[in-house]
Amino acid sequence: MTEIETLVSEQNPQWSDTSYLPTETFWFKRHAFSIIKSWLEKRFVLAISGLRRIGKSSLMRQIVGDLISKGKGKRCLYFSFEKIQLKREPELLREIINYYLKNILEEKPHELKKQTYFFLDEIQNIPHWAEIVKSYYDQNENFKFLVSGSNSLFVQKKAQEALAGRIIEFNLYPFSFREYLELVYPSYKVEFKNRSWLTTANLEILGGRFEKYLRFGQFPEIIGQKLNPDQARQYLETVEEKIIFNDLPRIFKVSHPEILSLILDQVKNSPGQRIEYQNIANDAGLDQRTVSKYFVYLEKGFLVFLCRNFGKKPLKALRVARKAYLSSVNLAPDAPLPLLVENYFFNFWRQRGFEVYFQKDQEVDFVAVNKKREIVLNEVKYQKNVEEKDLRNMKD
């Protein structure tokens, strides 16, 4: 048996053991599980992207488990490109798919008579993966691809072109507060829309749990492994280091990954601060254009999100200061709580499809705009009592 055959077989025990189900099948299912599963029979390549270690692989394996339980185990190929020692070349992906078709299904690509599922995890590690996926997708409507990646899967223009009109992307975010409550406190039923439920006692309980969530409640392994605060901090550092010193340099020509780390540290110290590229460039001994690119790389790695100036024309907006937020508030567990709350609500609106901006000449934290161009002003306060003076900027 060749090395590829061994790797493929090891990741797909359902082919030889019909009683096998992935361990993840029995884990907590995120809200995205049912959404993505509803697209499974549609004629699209499905892509799951998002920050490292937030559950993309587990979600894929849960979908595999669901298909196995329906008697479709042999029609599923799962392969992770994350930890393999083989050279990551385009032909590796072809060899894996062809081995499965020829030796497991004993069918040719154009002869597939049943829907066949290909789960390709961390696919961005394979150059030209999109062109290869397209070549099989176009041969037979029964090819069903679900791919995932921890960097922006579509950072390369060729990938966008190859799968234009064929791909649906799902962004998997860190745990929402509701998911956190469902997982950690399953017997505690929250009824936000029921005003009679919003008692002082319930709000105090929620407040305490919300603070725990903001510090260490957005990553599945921190909760699942019951890491204490020191262990959680160490775990989060390894996630950051993997992205900054491994993932991003592999995709982009990053000459100074340590500068990426310093920029991220600056955002972590004060999430939501206004960023002046020129000031950072002066401090780092780099030119402003390089610093601007490094912020783009951090966005592509799902570590930070930039909040641009509302109302400015695109070209002018590129030249003015912007605010920087973290993709997960857990990345800065020691930051002041009011800043983490502001960061949380910035992400809250983004995850619901809003464009989020700040407005330089208006003293609100940020402006959320939906697809209908309806505007929601946000002034975030985290305190027991909100007074009239706290709302004056909303009225002005």
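Report follows, based on the coordinates. Source: prediction; values computed, not measured. Each chain has its residues counted from 1, running along the sequence as written. Local features in this predicted model are restricted to residues whose pLDDT is 70 or higher, and side-chain atom pairs enter the listing and the counts only when it is 80 or higher, whereas totals over whole chains, interfaces and linings include all residues. Values reported for side chains reflect all heavy atoms of the structure, with hydrogen atoms and water molecules removed beforehand.

Regarding its fold elements, the protein chain presents 16 helices and 11 strands. Only C-alpha atoms enter the radius of gyration, while the globule expectation follows 2.2 Å times N to the 0.38, with N the number of residues. Taken against the 2.2 N^0.38 rule, which gives 21 Å for 396 residues, the C-alpha radius of gyration of the protein chain at 23 Å falls within 12% of a compact globule. When its C-alpha atoms are laid out on the principal axes, the protein chain stretches across 70 × 55 × 45 Å. Type-normalised accessible area, obtained with a 1.4 Å probe on protein chains alone, sets the label of each residue: buried when under 20%, exposed when over 50%, and partly exposed for intermediate values. Across the 396 residues in the protein chain, those meeting the buried criterion constitute 51%. Any two residues having at least one pair of non-hydrogen atoms within 4.5 Å are treated as being in contact. Restricting the contact set of the protein chain to residue pairs at least 6 apart, pairs at least 24 apart contribute 70%. Summed over all atoms, the accessible surface of the protein chain reaches about 20,500 Å², with 49% contributed by carbon and sulfur. When charges are counted, Lys and Arg contribute as positive and Asp and Glu as negative, whereas His and the chain ends are disregarded. Lysine's charge is taken at NZ, arginine's at CZ, aspartate's at CG and glutamate's at CD. Mean positive and mean negative side-chain charge positions of the protein chain (61 and 50 charges, respectively) differ by 4 Å. Numbering goes from the N terminus for both helices and strands, where a helix is a DSSP run of H or I of at least four residues and a strand is a run of E of at least two. Methods summary: accessible areas were calculated by the Shrake-Rupley approach with a probe of 1.4 Å, and residue burial reflects only the protein chains presented.

Turning our eyes to something else, we now look at the packing of aromatic side chains. Geometry of aromatic contacts follows a simple scheme: Phe, Tyr and Trp rings, the Trp one being its six-membered ring, pair when their centres are within 6.5 Å, and the pair is stacked under 30 degrees between planes, edge-to-face over 60, tilted otherwise. The tally for this structure, following the rule as stated, stands at 31 aromatic pairs. With a centroid separation of 6.1 Å and an interplanar angle of 75 degrees, the aromatic rings of Tyr-180 and Tyr-185 are classed as edge-to-face. Assessed through its relative accessible area of 6%, Tyr-180 is described here as buried. The class of Tyr-185 is buried, set by a relative accessible area of 18%. Chaining the aromatic ring pairs together yields one cluster made of Phe-177, Tyr-180, Tyr-185, Phe-210, Tyr-213, Tyr-344, Phe-345, Phe-348, Trp-349, Phe-354 and Tyr-382.

As a further point, take the pairing of strand S2 (residues 76-80). The buried fraction of S2 amounts to 5 of the 5 residues, a majority that puts the element mostly inside the structure. The side-chain alternation of S2 yields two buried faces, one formed by Cys-76, Tyr-78 and Ser-80 and the other by Leu-77 and Phe-79. The pairing of S2 with strand S3 (residues 116-121) spans 5 bridges and is classified as parallel. Across the sheet, Tyr-78 pairs through a bridge with Phe-119, a residue of S3. By this definition, two strands are paired if DSSP reports at least two bridges between them.

Next up on the list: the pattern of salt bridges. Any Lys or Arg side-chain nitrogen located within 4 Å of an Asp or Glu carboxyl oxygen qualifies as a salt bridge. One pass over the structure, following the stated rule, counts 18 salt bridges. Ionic pairing is found between Glu-24 and Arg-61, a salt bridge with its closest N-O pair at 3.1 Å. Residue Glu-24 is located in the loop between helix H1 (3-10) and helix H2 (31-37), and its partner Arg-61 is located in helix H3 (residues 56-69); the two are separated by 37 residues in the primary sequence. The same class applies to Glu-24 and to Arg-61, which are both buried. Look at the salt bridges and you will find they share partners, linking Lys-37, Asp-66 and Lys-70 into a network.

Moving on, we get to the nonpolar core. Note on terminology: a nonpolar core comprises buried Ala, Val, Leu, Ile, Met, Phe, Trp, Tyr and Cys residues joined through side-chain atoms within 4.5 Å. Within the largest apolar cluster, 87 residues are counted, with the highest numbers of intra-cluster contacts made by Ile-36, Phe-119, Leu-146, Phe-295 and Leu-303. With 7 residues, helix H10 (residues 229-251) is the largest single contributor of residues to this core. For Phe-295, the residues in contact, after removing those within four places along its chain, are Ile-263, Val-267, Ile-275, Tyr-277, Ile-280, Val-304, Leu-306 and Ala-324. Counting 36 residues, the second-largest nonpolar core is a separate cluster that includes Ile-4, Val-8, Leu-92 and Phe-145.

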